[in-house]
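Okay, here's what each chain looks like letter by letter:
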Amino acid sequence: QVRLVESGGGSVQAGGSLTLGCAASTRPAFVGWFRQAPGKKREGVAGISVGSGTTYYADSVEGRFTISRDNNKNTVYLQMNSLKPEDTAMYYCAAARWYASRWSLTDEYNYWGQGTQVTVSS
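Residues numbered from 1 in each chain as written. Predicted model: local features only at pLDDT ≥ 70, side-chain atom pairs only at ≥ 80, totals over all residues. Heavy atoms only, no water.

(A) Quick look at the packing of aromatic side chains. Evaluation of the coordinates by the stated rule reveals 8 aromatic pairs. Ring centres of Phe34 and Tyr109 lie 5.2 Å apart, and the angle between their planes is 85 degrees; on these two criteria the pair is classed as edge-to-face. A residue pair is termed long-range when its members are at least 10 positions apart, and Phe34 in strand E4 (residues 30–36) and Tyr109 in the loop between strand E9 (89–96) and strand E10 (111–112) qualify at 75 residues. Accessibility assignment for this pair places Phe34 and Tyr109 in one class, buried. (Phe/Tyr/Trp six-rings, centres within 6.5 Å; stacked < 30°, edge-to-face > 60°. Helix = DSSP H or I, 4+ residues; strand = E, 2+ residues; numbered from the N terminus. Buried < 20%, exposed > 50% of the residue type's maximum accessible area, 1.4 Å probe, protein only.)

(B) Fine view of the nonpolar core. Counting 37 residues, the largest nonpolar core has Trp33, Leu78, Met80 and Tyr91 as the members making the most contacts within it. Those elements that place two or more of their residues in this core are strand E3 (18–24), E4, strand E5 (43–49), strand E7 (65–70), strand E8 (75–80), E9 and strand E11 (116–121). No other element matches the 6 residues that E9 contributes to this core. (Core = buried A, V, L, I, M, F, W, Y, C linked by side-chain atoms within 4.5 Å.)

(C) Fine view of the pairing of E8. Note that E3 and E8 share 6 bridges and pair antiparallel. Paired with Cys22 across the bridge in E8 is Val76. As defined by bridge partners, E7 adjoins E8 across 6 bridges and the pair is classed as antiparallel. Bridging from a neighbouring strand, Thr66 pairs with Gln79 of E8. Hairpin connection from E7 to E8: 4 residues lie between these consecutive antiparallel strands, with Asn74 at a positive phi of about 50 degrees. (Pairing = 2+ DSSP bridges.)

(D) View of the side chain of Ser49. By secondary structure assignment, the location of Ser49 is in strand E5. Judged by its relative accessible area of 5%, Ser49 falls in the buried class. Non-local contacts of Ser49, meaning those with residues more than four positions away in its chain, are made with Ala29, Phe30, Thr54, Arg69 and Tyr99. (Contact = heavy atoms within 4.5 Å.)

(E) Quick look at the side chain of Thr75. Tracing the sequence through the fold places Thr75 in strand E8. Accessibility expressed as a relative area gives 10% for Thr75, which makes it buried. There is a polar contact of 2.9 Å between the side chain of Thr75 and the backbone oxygen of Lys73. Beyond its immediate sequence surroundings of up to four residues, Thr75 is in contact with Cys22, Ala23, Ser68, Arg69 and Asp70. (Polar contact = N/O pair within 3.5 Å; in protein donor to acceptor, adjacent residues only side chain to side chain.)

Below you can see the structure in the form of structure tokens.
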């Protein structure tokens, strides 16, 4: 069992930055960040292999968001720059027991955090 606790959400103006954190009770193999806006499907934003550090990004955030991990703290971060109003959503981190080859699919993950709200105003 892996318990995930997100932190770092909040409100920011367009063009601003936020950093989300996902602290895990034990080290998973793979962590993904997802987001879900009201009335929309949950979508994968970024993923990282905890062991190798290999990263993956959705096209919509490539070049603006950076996912990283600190294995000493069992924590994965999502640095979000140049935020846009369309980035507004509840953000969730998710952990997989194995390498998530289809990282953007929710079915790849075994554990989910409670979510943290990100609101970007224009």
